[in-house]
Amino acid sequence: MNIPVTRKDLVLVNMGPHHPSMHGVLQLVVTLYGEDVIDCEPILENRTIIQYLPYVTRWEYLAAMFTKAITVNGPKRLGNIQVPEKARYVRVIMLELSHIASHLLWLSPFMADIGAQTPFFYIFRERELVYNLFEAATGMRMMHNYFHIGGVNPIFLERVEGAGIIGRDKVINWGLSGPILRTFEIQWNLRKIDHYKCYDEFDWEV
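Residues numbered from 1 in each chain as written. Predicted model: local features only at pLDDT ≥ 70, side-chain atom pairs only at ≥ 80, totals over all residues. Heavy atoms only, no water.

A. A look at the overall build of the protein chain. Counting secondary structure elements, the protein chain contains eight helices and three strands. Counted from the first residue to the last, the protein chain has its helices and strands arranged as β-β-β-α-α-α-α-α-α-α-α. Taking the principal axes of its C-alpha atoms as reference, the protein chain extends roughly 85 × 60 × 30 Å. Taking all 206 residues of the protein chain together, the buried fraction comes to 24%. In the protein chain, the share of contacts with a sequence separation of at least 24, taken over all contacts with a separation of at least 6, comes to 44%. Within the structure as shown, the protein chain displays about 14600 Å² of accessible surface, and the carbon and sulfur contribution to it stands at 59%. (Helix = DSSP H or I, 4+ residues; strand = E, 2+ residues; numbered from the N terminus. Buried < 20%, exposed > 50% of the residue type's maximum accessible area, 1.4 Å probe, protein only. Contact = heavy atoms within 4.5 Å. Areas by Shrake-Rupley, 256 points an atom, 1.4 Å probe, with all protein chains shown as cover.)

Written out as structure tokens, the structure reads:
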């Protein structure tokens, strides 16, 4: 095939994302000369690892947490990145919930296939409880972009850490209260100071 010298005869086509077997996992940038494909560039080769991560949850959307865990574990080991203890526990909880949800999805249609239609609906009802937890934690019921290299969803810390810094003197002068005041180990809480309701009957500290 004779390829043109100039690019004016070439057509660049963005093919995808398509759904050949799962949700939106195939996207290609195709260079065409007439009807002939002369170049094909997988889209993920032009992505950073952070841009790449949302794609992996679509590989196996019934076990999205597992595909994400596997993907972030590689860079973590290569870079010797330490995952905080809290994030490790959160990951285990999410993985086990994903495990349960995946098994329930197998069990419910299997029951229907062998003639037990009623359990299908009950089992799906229970599975929805797991997805409610996923939605509360990640904002998505499926294909959760939750696990990240070095921990779990980092958006909260990135947006609030280091913002609104205030000194101890201003906290007192401005009359701030609650958690902001207690950050500076100032033991002031109206429930304790004003003897509110029956708080005096409990043994507790600010």
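B. Broad picture of the nonpolar core. Ranked by size, the top nonpolar core spans 13 residues in total, and within it Met65, Met94, Leu95, Val130, Phe134, Tyr146 and Phe147 carry the most contacts. Top contributing element to this core by residue count: helix 3 (residues 85-113), with four residues. Met94 has contacts with Met65, Phe134, Ala137, Tyr146 and Phe147, leaving out every residue within four places of it along the chain. (Core = buried A, V, L, I, M, F, W, Y, C linked by side-chain atoms within 4.5 Å.)

C. Spatial organisation of the environment of Met94. Following the sequence through the fold, Met94 ends up in helix 3. The spatial distance from the C-alpha of Met94 to the C-alpha of Glu158 is 22 Å, given a sequence separation of 64 residues.

D. Seen up close, the pairing of strand 2 (residues 26-33). Here strand 2 runs beside strand 3 (residues 36-42); their pairing, made up of six bridges, is antiparallel. Looking across to strand 3, one finds that Leu32 is bridged to Val37. A loop of two residues connects strand 2 with strand 3, the two strands running antiparallel in sequence, and Gly34 in this loop sits at a positive phi of about 70 degrees. (Pairing = 2+ DSSP bridges.)

E. The pattern of salt bridges, seen in detail. Scanning the model with the defined rule gives three salt bridges in all. Note that Glu126 is salt-bridged to Arg125, the shortest N-O span being 2.9 Å. The exposure class assigned to Glu126 is partly exposed, which follows from its relative accessible area of 35%. One salt bridge connects Glu128 with Arg141, and the closest N-O pair in it is separated by 2.3 Å. In this pair, Glu128 sits in helix 4 (residues 117-138) while Arg141 sits in the loop between helix 4 and helix 5 (155-160), placing the two residues 13 residues apart along the sequence. The class for Arg141 is partly exposed, based on a relative accessible area of 26%. Several salt bridges share partner residues, and in doing so they unite Glu128, Glu135 and Arg141 into one network. (Salt bridge = Lys/Arg side-chain N within 4 Å of Asp/Glu carboxyl O.)

F. Representation of helix 3 in the model. End to end, helix 3 covers 43 Å across 29 residues, agreeing with the expected 42 Å (1.5 Å per residue, within 8%). Taken residue by residue, helix 3 has Ala87, Arg91, Met94, Leu95, Leu97, Ser98, Ala101, Leu104, Leu105 and Ser108 as its buried positions. Buried-residue contacts for helix 3 involve helix 2 (64-78) and helix 4. Immediately downstream of helix 3, the backbone of Gly115 shows phi near 100 degrees, a positive value. (Expected span 1.5 Å × (residues − 1).)

Taken by themselves, the reported measurements are silent on function.
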